[in-house]
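So you can see what is in the structure, the chains are spelled out below.
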Amino acid sequence: MPIKVRMSVAAVLVTGLLVGALYAVVLVLIRQEAVDEAQLHASRAAQRLVFDAEADKLSSPLITSSQDELAQILGRRGQVVKASATIVGEPPIPATLPAPQELRSDSSVCGYPRPDSPCLLATAHRFFLEDKPFIAIAATPEPGLLPRPMWALLFGIVAIVALILRGVSMWWAVGRTLAPVEAIRAEMDRIITATDLHRRVPLPGRRDEIQRLAMSVNATLDRLERAVEQQRRFVSDVSHELRSPIAGLRTGLEAAALLPDEIDRDEVVESALTATERLENIVADLLVLARRDAGIPDRTEPVDLAALVRQEADRRPRRVPVTVTADPRVMVEASTLGIGRVLTNLLDNGARHARTAVQVRVFRDGEDAVVSVHDDGHGVPADSRERVFERFVRLDEGRRRDPRGSGLGLAISREIVRDHHGSLTIIDSLVGACFVLRLPAAESATAHRPA
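How each quantity is defined
Residues numbered from 1 in each chain as written. Predicted model: local features only at pLDDT ≥ 70, side-chain atom pairs only at ≥ 80, totals over all residues. Heavy atoms only, no water. Axes fitted to C-alpha atoms, helices over the stretch in contact; angles between N-to-C directions. Helix = DSSP H or I, 4+ residues; strand = E, 2+ residues; numbered from the N terminus. Left-handed = near helix turned anticlockwise from the far one by under 90°. Contact = heavy atoms within 4.5 Å. Nonpolar A, V, L, I, M, F, W, Y, C, P; charged D, E, K, R; others polar. Polar contact = N/O pair within 3.5 Å; in protein donor to acceptor, adjacent residues only side chain to side chain. Disulfide = S-S within 2.5 Å. Buried < 20%, exposed > 50% of the residue type's maximum accessible area, 1.4 Å probe, protein only. Patch = residues over 30% accessible without salt bridge, like charges linked within 9 Å, V, L, I, M, F, W, Y side chains within 5 Å. Areas by Shrake-Rupley, 256 points an atom, 1.4 Å probe, with all protein chains shown as cover. Salt bridge = Lys/Arg side-chain N within 4 Å of Asp/Glu carboxyl O. Lys, Arg positive; Asp, Glu negative; His and termini not counted. Charge placed at Lys NZ, Arg CZ, Asp CG, Glu CD. Core = buried A, V, L, I, M, F, W, Y, C linked by side-chain atoms within 4.5 Å. Pairing = 2+ DSSP bridges.

### Some details on the packing of helix 6 (residues 336–353) against helix 8 (residues 409–419)
And step 1. Running from amino to carboxyl end, helix 6 crosses helix 8 at an angle of 145 degrees, the nearest separation of the two axes being 9 Å. Crossing geometry of helix 6 relative to helix 8 is assigned as left-handed. Where helix 6 abuts helix 8, its residues G338, I339, R341, V342, N345, L346 and N349 lie against G409, L410, I412, S413, I416 and V417.
And step 2. Among the residues forming the contact of helix 6 with helix 8, the class breakdown is seven nonpolar, five polar and one charged.

Structure, rendered in structure tokens:
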């Protein structure tokens, strides 16, 4: 069942319960008013009998204001002295008589004078004539459940009209409220069907929850569009990077197969190994990116950053010497494998572009643990310092110095550092490039600053 119908039906049911309860209360109040009015009429009729008896104006039979009204005068022993015309010869009305210390008593009588007779509201008055006690009783029919049928009908009509108006108003209000939601849904269907992520859902004019929903949907579409665009660009870049080594490898092997006597086999093997090494590096970097994009967390532990830098610097020889200056026990909470890969990339990048040496410093700077890698090469132009951290971006100098690179090392390094809530940037330096790695220092570390 559509939500519009469900909400309208629910509103009508709730309103019906409230109107029904109010209608019942009104009927009870109306009947109580009629009962009070009938009891007052019986009391006045009884008082009138007393006045007529005292003035010696009683007729026989007793005169009543209506045929349904009953009246009796009882003697000292409870015998009927006089009665109205409809109950002449009938026994006394079984009304509650006043107590000895009282003059009046109200009560309800049912089944008089016959068992099928309607109930009566009776009032009994005690009075005295010539020092003799008498009882004047007047009874009038008790009002039924609907003592005022026209009023009950009027309130019933009002209740039905209220229910109809409530249903119509709820149907209109829900339709007006859900119209923007339907517009959002229809636009989302068109976007998904046409795979056009440039489109956005319309924003309602009212500032309410639905407008915030539309804004959230548009923000999600923005992120989705960026993710899809990034994925397309990534696939294109991967295809481009893999095409070159695969093409070179295939060309060398085909030449060796077609012209075995004219091709230097050692040169072919060396070229194939170079292309294979480049493919291996690209695949390894792609696996790292895939693992990170999949959200697979790395196990973290307390790491002595100074010791890790020395370990990575001494792992293998590089083209130029790497000098490490480190404060003792610069501790961070990090993944040893992930930060080790970042340090290796920074050291390899510095050694690749340096002319004579690479200087590495490790120290504490306030709440941060800092590693600076400074080479004396040509440096990175200011307008390219952010581009070098993008995937598959390689400057001309980098392609010339390392044709086998993939352009993923620095991009992977920055993403790993961001996962550790740190930063990786290039700062100004007089000579060459200076990469600065900042990580939140562990609380147990001792603060040190360089001289």
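Further notes follow.
### Here we look at the environment of H353
And step 1. Assignment of secondary structure puts H353 in helix 6.
And step 2. Along the chain, H353 and A433 lie 80 residues apart, while their C-alpha atoms are 8.7 Å from each other.
And step 3. From its side chain, H353 meets the backbone oxygen of N349 in a polar contact 2.9 Å long.

### Re the state of the cysteines
And step 1. As enumerated under the stated definition, the model contains one disulfide in all.
And step 2. Covalent S-S linkage joins C110 and C119, the inter-sulfur distance amounting to 2.0 Å. For the disulfide bridge between C110 and C119, the dihedral angle about the S-S bond is near 105 degrees, and by the sign convention the bridge is right-handed.
And step 3. You can call C110 partly exposed: its relative accessible area is 48%.
And step 4. You can call C119 partly exposed: its relative accessible area is 25%.

### A few points about a negative patch on the surface
And step 1. A grouping of D264, D266, E267 and E270 is seen on the molecular surface, where their side chains present a negatively charged patch.
And step 2. Relative to the helices and strands, D264 is located in the loop between helix 3 (209–258) and helix 4 (265–293).

### Comments concerning unusual backbone geometry
Glycine aside, residues mostly have negative phi angles, and peptide bonds mostly take the trans form.
And step 1. A cis amide bond, omega 0 degrees, links S60 with the succeeding residue P61.
And step 2. With respect to the helices and strands, P61 occurs in the loop between helix 1 (3–54) and strand 1 (70–74).
And step 3. For the bond running from Y112 to P113, omega is 0 degrees, close enough to zero to count as cis.
And step 4. Its identity is not glycine, yet E130 carries a phi of approximately 55 degrees, on the positive side.
And step 5. The residue E130 is located in the loop between strand 4 (120–129) and strand 5 (132–141) in this model.
And step 6. In this structure, R329 takes a positive phi of about 50 degrees despite not being glycine.
And step 7. Looking at the element boundaries, R329 is found in the loop between strand 7 (322–326) and strand 8 (331–334).

### A few points about the nonpolar core
And step 1. If you look at the biggest cluster of nonpolar residues, it comprises 42 residues, and the most contacted ones within it are L305, L346, V362, V371 and L437.
And step 2. In terms of residues, this core owes the most to one element, helix 6, which gives six residues.
And step 3. In this view, L437 contacts V342, L343, L346, A369, V370, V371, V417, S423 and L424; residues no more than four positions away in its chain are not counted.
And step 4. Of all hydrophobic cores here, the second largest spans 14 residues; its members include A83, Y112, I137 and A139.

### Section: the pattern of salt bridges
And step 1. In total, this model carries eleven salt bridges according to the counting rule given.
And step 2. Here E254 ties to R250 by a salt bridge, and the two come within 2.8 Å at their closest N and O atoms. Of the two residues, E254 and R250 both sit in helix 3, four residues apart, roughly one turn of that helix.
And step 3. E254 gets classed as partly exposed once you look at its relative accessible area, which sits at 38%.
And step 4. Here R250 falls in the exposed class, since its relative accessible area comes to 57%.
And step 5. D368 is the partner of R438 in a salt bridge, and the nearest nitrogen-oxygen pair spans 3.3 Å. With R438 in strand 12 (residues 434–440) and D368 in strand 10 (residues 368–375), this pair connects stretches of sequence that are 70 residues apart.

### Considering the pairing of strand 5
And step 1. Burial analysis of strand 5 places seven of its ten residues in the buried class, which makes it a mostly covered element.
And step 2. Sheet analysis places strand 1 next to strand 5, joined by five bridges and oriented antiparallel. Across the sheet, L74 pairs through a bridge with I135, a residue of strand 5.
And step 3. In this sheet, strand 5 lies alongside strand 4 in antiparallel orientation, the contact comprising ten bridges. Its bridge partner lying in strand 5, L121 is registered against T140.

### Comments concerning the sheet that holds strand 7
And step 1. In space, the five strands of this open sheet follow the order 7-9-10-12-11, with mixed pairing throughout. Of all strands in the sheet, those bounded by a partner on one side alone are strand 7 and strand 11 (423–427). Pairs of neighbouring strands in the sheet enclose a mean axial angle of 20 degrees, with direction left out of account.
And step 2. Two strands pair when backbone bridges link them, and strand 9 (residues 358–365) and strand 10 are joined in this way by eight bridges, in the antiparallel orientation. Across the sheet, residue V358 finds its bridge partner in strand 10, namely D375.
And step 3. Lying on the sheet, helix 5 (residues 305–314) is in contact with strand 7, strand 9 and strand 10; it crosses strand 7 at an angle near 170 degrees.
And step 4. Each of strand 7, strand 9, strand 10, strand 11 and strand 12 touches helix 6; the most contacted strand, strand 12, lies at about 170 degrees to it.

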